[in-house]
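Fold and contact review
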Amino acid sequence: MAAKTFDYIVVLKQRSFKLVDNISIMMLILAVVVLLEDALTPFSNASIMPFTIATLILGWIIFTYAKKSNGKVGYYRIGLLFAAWGLFITLKSPYVWIFAVYVIAAVMEKQVKFPREIAFDETEVVFNTFPRKHYQWSELSNVVLKDGLLTLDFKNNKLLQKEIDSQTTPQLEKEFNEFCKSMIKADTIK
């Protein structure tokens with residue numbers, strides 16, 4: 001199946017990931033504590049695996065922190081997967097389910113930090129969220145992009161305003177607004 005091509009894709013301003021990052025770091029530190037506790041009491045040849053995984057997690061935290069210091073988005077998901085693996089092999093029977101929490105957190109982190117976009121074409125408006133939201137032009141009464149603010153006015157009296165990521169030229173704003181106006185008008189004529 002071929003990828004759908006959209007006429008316009010509006011990238012919304014990124015929100016802060018501080019809460020998600022702090023939760024991920026707390027989960028990773030908790031896993032390191034559990035793994036080191038398992039590795040050091042009593043210390044034996046079997047302690048090498050939990051100690052190695054704890055070291056990998058700490059290394060990933062440092063790597064991600066350095067990446068964030070350079071202004072990039074830091075992902076803790078690999079560290080969370082290391083933690084899930086370590087907890088799976090370390091924890092005893094009734095607590096093994098905890099590794100699933102780490103796997104879910106690793107999967108969801110990528111989705112939470114994915115750039116928020118709204119795509120427009122001749123048939124629909126698509127919000128790039130999890131799960132994706134699709135709206136038909138018949139559900140909208142107005143769509144306007146003005147001064148870095150995208151406004152979607154729905155016919156059910158719902159109003160959505162989002163700040164966009166970058167500056168647009170007045171010509172591009174005008175072109176986009178005319179496109180949206182024509183799509184809404186064409187849909188009301190049907």
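Attention here is on the structure that accompanies the text. Remember, predicted model here, so these are calculated numbers, not experimental data.

Time to look at the sheet that holds strand E1 (residues 8–11). One open sheet holds the 4 strands; their spatial order is E1-E2-E3-E4, and the pairing between them is antiparallel. Whereas interior strands pair on both sides, the edge strands pair on one side only; in this sheet they are E1 and strand E4 (133–136). On average, adjacent strands in this sheet sit at an angle of 15° to one another, irrespective of strand direction.

So, about unusual backbone geometry. Most peptide bonds take the trans configuration, and most residues that are not glycine carry a negative phi. Not every positive phi belongs to a glycine, and Asp 147 is a case in point at roughly 55°. With respect to the helices, strands and loops of the structure, Asp 147 is situated in the loop between strand E5 (140–146) and strand E6 (149–154). Exposure remark for Asp 147: the relative accessible area of 65% places this residue in the exposed category. At Asn 157, a residue that is not glycine, the phi angle is positive and equals roughly 70°.

About the criteria used
- Residues numbered from 1 in each chain as written.
- Predicted model: local features only at pLDDT ≥ 70, side-chain atom pairs only at ≥ 80, totals over all residues.
- Heavy atoms only, no water.
- Pairing = 2+ DSSP bridges.
- Helix = DSSP H or I, 4+ residues; strand = E, 2+ residues; numbered from the N terminus.
- Axes fitted to C-alpha atoms, helices over the stretch in contact; angles between N-to-C directions.
- Buried < 20%, exposed > 50% of the residue type's maximum accessible area, 1.4 Å probe, protein only.

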